[in-house]
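This is what each chain is made of:
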Amino acid sequence: MVLTTTPGVPGKTLEILGIVGAEARCWLDDGSGVRCPAIFEQGRSSILARLAEEARALGADATVGIAFHVCPIGGGEVLITASGTAVRFLGPRR
């Protein structure tokens, strides 16, 4: 499964299958006030896995145009959302 922020995949003709999206809530610190980038990265990784899962369910080979948004909720918590377009490769797949 190709996951990319670009609008396409070089050398591939695409059929659009639909929009996919995912979200995760995470905290920017470990509870003691210490910033913890690993927690944020886990949220991002979880979102990408869910985007891939949703795209596969549509029969996609890739998700293109992925955009991330981070919205502060309060108390060090943020909501990370992402969306992209699930696509199928037309013609030869490799």
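Conventions we followed
- Residues numbered from 1 in each chain as written.
- Predicted model: local features only at pLDDT ≥ 70, side-chain atom pairs only at ≥ 80, totals over all residues.
- Heavy atoms only, no water.
- Helix = DSSP H or I, 4+ residues; strand = E, 2+ residues; numbered from the N terminus.
- Buried < 20%, exposed > 50% of the residue type's maximum accessible area, 1.4 Å probe, protein only.
- Contact = heavy atoms within 4.5 Å.
- Areas by Shrake-Rupley, 256 points an atom, 1.4 Å probe, with all protein chains shown as cover.
- Pairing = 2+ DSSP bridges.
- Phe/Tyr/Trp six-rings, centres within 6.5 Å; stacked < 30°, edge-to-face > 60°.
- Lys NZ or Arg CZ within 6 Å of the ring centre and 35° of its normal.
- Salt bridge = Lys/Arg side-chain N within 4 Å of Asp/Glu carboxyl O.
- pLDDT = per-residue confidence, 0-100.
- Polar contact = N/O pair within 3.5 Å; in protein donor to acceptor, adjacent residues only side chain to side chain.
- Expected span 1.5 Å × (residues − 1).

### What to know about the overall build of the protein chain
Counting its regular elements, the protein chain contains one helix and four strands. Per-residue burial over the protein chain gives 29% buried out of 94 residues. Residue pairs at least 24 apart in sequence account for 71% of intrachain contacts in the protein chain once pairs closer than 6 positions are excluded. Split by element, the accessible area of the protein chain, about 5,600 Å² in all, is 58% carbon and sulfur.

### Thoughts on the side chain of T63
Structurally, T63 can be placed in strand β3 (residues 62–74). Its relative accessible area of 0% is what places T63 among the buried residues. Dropping the residues within four chain positions of it, T63 is found in contact with M1, V2, L3, T4, V20, L51, A55, G84, T85 and A86.

### Let's talk about the pairing of β3
Here two bridges tie strand β1 (residues 2–3) to β3, and the two strands are oriented parallel to one another. Bridging from a neighbouring strand, V2 pairs with A62 of β3. In this sheet, strand β4 (residues 77–90) lies alongside β3 in antiparallel orientation, the contact comprising 10 bridges. Each bridged residue has a counterpart across the sheet, and for F68 the counterpart in β4 is A82.

### Let's talk about the packing of aromatic side chains
Inspection of the entire model under this criterion finds zero aromatic pairs. Across from the ring centre of F89, 5.1 Å away, lies the NZ or CZ of K12, which sits over that ring.

### Thoughts on the pattern of salt bridges
Tallied over the entire structure, the rule returns three salt bridges. The partner of R25 in a salt bridge is E77, and the shortest N-O contact between them spans 3.3 Å. Of the two residues, R25 sits in strand β2 (residues 13–27) while E77 sits in strand β4, which places them 52 residues apart along the sequence. Note on R25: relative accessible area 53%, which makes it exposed.

### Observations concerning the confidence of the model for the protein chain
In regions of low pLDDT, the predicted coordinates are not meant to be interpreted in detail. Taken over all residues, the pLDDT of the protein chain has a mean of 89, while the share at 70 or more is 88%. Considering each helix and strand of the protein chain separately, the mean pLDDT is smallest for helix α1 (residues 37–57), with a value of 90, and largest for β1, with 97.

### Details of the environment of R25
Between the C-alpha atom of R25 and that of R44, which follows or precedes it by 19 residues, the distance is 9.9 Å. Excluding residues within four positions of it along the chain, R25 makes contact with I73, E77, V78 and L79. There is a polar contact of 3.3 Å between the side chain of R25 and the side chain of E77.

### So, α1
The end-to-end C-alpha distance of α1, which contains 21 residues, comes to 31 Å, matching closely the 30 Å that a straight helix rising 1.5 Å per residue would cover. Tucked into the core, α1 has its buried residues touching β1, β2, β3 and β4. Just downstream of α1 lies G59, where phi reads positive at about 85°.

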